[in-house]
Amino acid sequence: MAIPVIILVAKEDKKSPIAMTIMSVVLGSIIGVVGHFLNLMK
């Protein structure tokens, strides 16, 4: 879902897509782990 945004920003700025990609991977991992633990608590 964030990939089109990264592509749009990549055309304008060369350094920010790397940071955006790293942040999206980190956030996705955190959300996945939290969701996993919330399912275990049920």
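Rules of the game
- Per-chain numbering applies: the sequence of each chain, read as written, is numbered from 1 onward.
- Given that this is a predicted model, residues contribute local features only at a pLDDT of at least 70 and side-chain atom pairs are listed and counted only at 80 or more, while totals for whole chains, interfaces and linings are drawn from all residues.
- To obtain the side-chain values, all non-hydrogen atoms of the structure were included, while hydrogens and water were left out.
- Comment: elements are numbered from the N terminus, with helices defined as DSSP H or I runs of at least four residues and strands as E runs of at least two.
- Whether a residue is buried, partly exposed or exposed follows from its accessible area with a 1.4 Å probe, protein chains only, as a fraction of its type maximum: under 20%, in between, or over 50%, in that order.
- Here the Shrake-Rupley method, with its probe set to 1.4 Å, supplies the accessible areas, and only the displayed protein chains count as covering residues.
- Residues with no salt bridge and a relative accessible area higher than 30% make up the patches, which join like charges within 9 Å and nonpolar side chains (Val, Leu, Ile, Met, Phe, Trp, Tyr) within 5 Å.
- Throughout this description, the term salt bridge denotes a Lys or Arg side-chain nitrogen within 4 Å of a carboxyl oxygen of Asp or Glu.

A. Here's a closer look at the overall build of the chain. The helix and strand tally for the chain stands at 2 helices and 0 strands. Considering the chain as a whole, with its 42 residues, one finds that 5% of them fall into the buried category. Carbon and sulfur atoms form 78% of the exposed surface of the chain, whose accessible area is close to 3,800 Å².

B. View of a nonpolar patch on the surface. Together, Ile-18, Ile-22, Val-26, Ile-30, Val-33, Val-34, Phe-37, Leu-38, Leu-40 and Met-41 line one region of the surface with nonpolar side chains, adding up to about 1,000 Å² of accessible area. In this structure, Leu-40 sits in helix α2 (residues 16-41).

By themselves, these figures tell us nothing about what the structure is for.
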